[in-house]
Amino acid sequence: MRLLRKALWLILLILFSSSVIARPKIGLALSGGGAKGAAHLGVIQLLEENQIPVDYIAGTSMGAYFGAMLAMGYSAQDIEDLTFSIYWESGFVDDVTRSELSLRSKKQKDDYQIALPIGVNKDGVQIPKGAVQGQTMAEILRYATSNLEALESFDELAIPYRAVATDMAAMSPYILKRGDLAVAMQASMSVPGALRPVELDGKQLSDGGVVNNMPVDVLKDMGADIIIAVDIGARLKTQDELNTAVDVVDQLSIFLTRSGTERQIALLGADDLLISPDVTGIDTADFALMPLAIERGKQASAEPIAQLAKRIHSDDQEKVYLAYQQKVKDRRATLKLHEQFVVSKIELNNNSGLSDEVILSRLQLNQGELLSKAQLEEKISQLYALGTFERVDYRISSEQGANVIHVDTQEKRWGPGYFDMKLGLQENFSDRTEANLGLGFTLTNLNEYGAEWRNEFEIGSIKRLFTEYYTPFTNNLKYAWLISAEYDKRSRRLYGLGEDIEYLEADFSDATFRTQLAWNYKPWQEWGLGLAARHGDIELKGFSGDASYWLYGPYFRFDYDTLNSWAFPTQGKMLDVGLTLYHEDVQGFSSVLAPSFEARWKVPFGWDKHNLNWFGEYGSTGSDFVVPTDAQDLGGFLRLSGFKYEQLSGRYKALTGLMYFYQLHYFQSPVLQAPVFVGGSLENGGVWNSSDEISYSSALWAGSIFAALDTSVLGPVVLAYGHNESEQTLYLFIGNDF
């Protein structure tokens, strides 16, 4: 009897084991398609609701992201929460915010707002391998994976996983099956031309959609019995949709991707599922429509997944699925994640002209410091904001119980010489147009401290040449020295010279030389002490009397700027103060001490989309010449609106005002990021020739209303109407010159 009982138990055990073994292994193939990839999440949600286990995952591009999150053991709700916490549009823009830039970089970028994707090195003119280098996308994917340590095999994940990229040299699929999960996802997602290829295993890897956008074959190799393939790829355009050259090029790209997808579809068997959500109306970059894509995914997969559940479910399906979930949970528990960690050691792999000491000083990582992943990313961003790097990456590894931070820096390989441009336009529709075009060139990393040689050339209303050598001389970059030379020629209208004369036309040309010692107490704050000399000529048109002069003497400057935008700031503060003890020597006229003082400030306040800026400026000159050699000007938009540009001129100026603006809309795309504002201003100030004349009663009131687009490419574009006590003007501005 005892033997019979044991035999029965053995038979039951075998039968139960057979039912578990007999369960078919299910593979999930997720295709690429940018924002349309959110349809995958709808499929994942229904798989979870129908208790269908997933044993293998393979994904391409955005499918690689959703597949990786599932492979890490996240639930459908976890993936949804994580996905919607990410600002995906930022992954296609590597520019750091203005607030993160150094004071020097802010001023340069405010003036020369167009960064050209052109560089110069010993091999000649170079361009980068992608419009975007992937710095921000790498940050997004590290955040999503919680700094998961590199794996010997992606089979070690909670669910075995593969990502597909394209080997750009061989134009063949490259299967990512080990290493850093975030790097694998980025390789699979790096759209050629838009995002720089990922260099891995000696290859240049880009978006896998080019060669295999729905990796059915990969799942078959992994051992899947049933494959659920989700196809969100674009379909070929119809004859009526081929209207432009862009449409034709896009059609070729779709054809290449579609051809690969059709080959994968041909591999599907009778038991496999092909789910094709209707993603019509959702473009690759429409991340705001991801909730709609999720619903489309659920709609397309509801019936086939329900039918699959009926086919594979056993009588004890709930127990089987609970056992599967526990297995996934147990495997996830073995993954080494780093949400928060203590820094034990720092290892730097420096591929730049900067010294290791400079980089580590800027990074400000300290052994024994407790950091969150967000705090570490902030430190990496501070280093990247130096502007000299193509990429700054890191990974965390556990070595003998210690957390080692491996930091890799790669200098821009299309440098060290870089070009940028400025475009400035001021139009008042009734008088002359002020327009300037400038080209800048910066030769960087001339020494281990990151010395620069900056050059600028401008034509238009202002003719200008500028050259400057700037070098820090300490590892923390706090102390620096510069020397510069500048030639400037411009025509100005001199007002207020007499009741019978509206204005005189005058040509001012001058050459200025400076040398300065600077103390950058903080990246956004600088104290400067230097010497300046300016030689100039003033030619009054229609008069025979010209003047030649020298201004020279020591100067002091203090600059503080944490504004997040120069033209329309919503956060931060700005204060510039300068005092120059000029000695003025006008040929044949006088030689006097002519101190010059100037100050500007801007303080924003905001609530929701409403913003208020308090701004102002003050200036004075001790020039004794009939035409001040260092004249103080007002006039133009926000500088006593209603007057023409620099219409008011004298020895003293004072201005204060409030500007209100409301964010009406926000254009967001990988190409253009631009808030749209409407607003107005109230201003009070004046220009005087004597300090005795300065009074509130002699100051003028002015105001404006405007509409503006603060673009990421050209800077602000502003259409404004200005009105004061005596005049009114319509303005159009492009650039930061107002």
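Quick caveat: nothing in here was measured; it's all calculated off a predicted structure.

What counts, and where the lines are drawn
Residues numbered from 1 in each chain as written. Predicted model: local features only at pLDDT ≥ 70, side-chain atom pairs only at ≥ 80, totals over all residues. Heavy atoms only, no water. Core = buried A, V, L, I, M, F, W, Y, C linked by side-chain atoms within 4.5 Å. Buried < 20%, exposed > 50% of the residue type's maximum accessible area, 1.4 Å probe, protein only. Helix = DSSP H or I, 4+ residues; strand = E, 2+ residues; numbered from the N terminus. Contact = heavy atoms within 4.5 Å. Expected span 1.5 Å × (residues − 1). Domains from an automatic or database assignment. Salt bridge = Lys/Arg side-chain N within 4 Å of Asp/Glu carboxyl O. Polar contact = N/O pair within 3.5 Å; in protein donor to acceptor, adjacent residues only side chain to side chain. Axes fitted to C-alpha atoms, helices over the stretch in contact; angles between N-to-C directions. Parallel < 35°, antiparallel > 145°, perpendicular 65-115°, else oblique. Pairing = 2+ DSSP bridges. 1 Å grid on protein atoms, 1.4 Å probe; cavity = no way out; pocket = protein on both sides within 12 Å on 5 of 7 lines; lining within 4 Å. Points joined across faces, edges and corners; volume = space filled by probe spheres on them. Nonpolar A, V, L, I, M, F, W, Y, C, P; charged D, E, K, R; others polar. UniProt positions renumbered as here; feature names shortened; annotations may be inferred.

Visitor: What is the right way to look at the nonpolar core in this model?
Guide: Among soluble globular proteins, nonpolar side chains are generally buried collectively. Ranked by size, the top nonpolar core spans 71 residues in total, and within it Tyr65, Met69, Leu157 and Tyr161 carry the most contacts. Counting residues per element, this core draws most heavily on helix α3 (residues 62-71), at eight residues. In contact with Leu157, not counting residues within four places along its chain, are Ala71, Met72, Leu148, Leu151, Leu181, Arg331 and Leu335. Of all hydrophobic cores here, the second largest spans 22 residues; its members include Val96, Leu354, Leu363 and Tyr394.

Visitor: Please clarify how helix α2 (residues 38-49) should be interpreted in this entry.
Guide: Three or four residues apart is the spacing at which side chains of an α-helix point the same way, because the helix has 3.6 residues per turn. For α2, spanning twelve residues, the distance from its first C-alpha to its last is 17 Å, which sits close to the expected 16 Å at 1.5 Å a residue. A large share of α2 lies buried, amounting to ten of its twelve residues. For α2, the complete set of buried residues consists of Ala38, Ala39, His40, Leu41, Gly42, Val43, Ile44, Gln45, Leu46 and Leu47.

Visitor: In this structure, what is going on with the domain arrangement of the chain? I would like to understand it.
Guide: Bring the parts together and some accessible area is lost; that lost area is often taken as the interface size. Taken domain by domain, the chain comprises domain 1 (26-94 + 145-334), domain 2 (340-411) and domain 3 (417-734). If you average the C-alpha positions of domain 2 and of domain 3, the two centres end up 38 Å apart. Between domain 2 and domain 3, the residue contacts involve ten residues of the former and nine residues of the latter. Inspection of the domain 2/domain 3 interface yields zero salt bridges. Across the contact surface, domain 2 and domain 3 share three residue pairs in polar contact (both at pLDDT 80 or more). Among the elements that take part in the side of domain 2 that touches domain 3, helix α12 (residues 356-363) stands out by supplying four residues, more than any other.

Visitor: I tried to follow the packing of helix α6 (residues 135-145) against helix α13 (residues 373-384) on my own but got confused; where do I start?
Guide: Helix-helix packing: each pair is described by the crossing angle between the helix axes and the interaxial distance. The geometry of α6 relative to α13 is characterised by a closest axis approach of 11 Å and an angle of 170° between their N-to-C directions. Here α6 lies roughly antiparallel to α13, going by the angle between them. Mapping the contact onto sequence places Gln135, Glu139, Arg142 and Tyr143 in α6 and Lys373, Glu377, Ile380, Ser381 and Tyr384 in α13.

Visitor: Help me out: how do you make sense of the sheet that holds strand β14 (residues 345-351) in this one?
Guide: What holds strands together in a sheet is hydrogen bonding between their backbones, with the strands either parallel or antiparallel. Strand order in the open sheet formed by three strands is β14-β17-β16, with mixed pairing between adjacent strands. Among the strands making up the open sheet, the edge pair consists of β14 and β16 (389-399). For this sheet, the mean angle separating the axes of adjacent strands, direction not counted, is 15°. Of the strand pairs in this sheet, β14 and strand β17 (residues 402-411) are connected by seven bridges, and their pairing is parallel.

Visitor: In this structure, what is going on with empty space enclosed by the protein? I would like to understand it.
Guide: Picture a little ball the size of a water molecule; that probe, rolled over the atoms, points out where space is still empty. All chains considered together, the criterion is met by six cavities of 30 Å³ or more. Of the pockets and cavities examined, the second largest cavity occupies roughly 170 Å³. Lining the second largest cavity are 16 residues, and of these Asn428, Arg432, Glu434, Lys644 and Tyr645 lie nearest its centre. Of all the elements in the fold, those that place two or more residues in the lining of the second largest cavity are β18 (417-427), β22 (479-498) and β37 (728-734). Counting residues per element, the lining of the second largest cavity draws most heavily on β22, at three residues. Looking at the lining of the second largest cavity residue by residue, the class counts come to five nonpolar, three polar and eight charged.

Visitor: Just to check I follow, could you spell out the pattern of salt bridges for this structure?
Guide: When the charged atoms of two side chains lie near each other, side chains of opposite charge can form a pair. Counting across every chain of the model gives 36 salt bridges. Between Glu199 and Arg413 there is a salt bridge, with its nearest N and O atoms 3.0 Å apart. Linking Glu199 in strand β9 (residues 198-200) with Arg413 in the loop between β17 and β18, this pair joins segments that are 214 residues apart in sequence. Relative accessible area serves as the criterion here: at 42%, Glu199 is assigned to the partly exposed category.

Visitor: I'm lost on the UniProt feature "active site" (unreviewed entry) in the chain in this one. Help?
Guide: The sites that UniProt annotates as "active site" (unreviewed entry) are Ser61 and Asp207. Of the residues just listed, which span 147 residues, no C-alpha pair is farther apart than 5.9 Å, and they cluster in one region. Among the structural elements, Ser61 can be located in the loop between β2 (56-60) and α3. Residue classification places Ser61 among the buried residues on the basis of a relative accessible area of 9%. By the secondary structure assignment, Asp207 is in strand β10 (residues 203-207). Not counting residues up to four positions away in its chain, the partners in contact with Asp207 are Thr60, Ser61, Thr166, Ala187, Ser188, Met189, Ser190, Val191 and Pro192. Within the local environment of Asp207, its side chain forms a polar contact with the side chain of Ser61, the two groups lying 2.8 Å apart.

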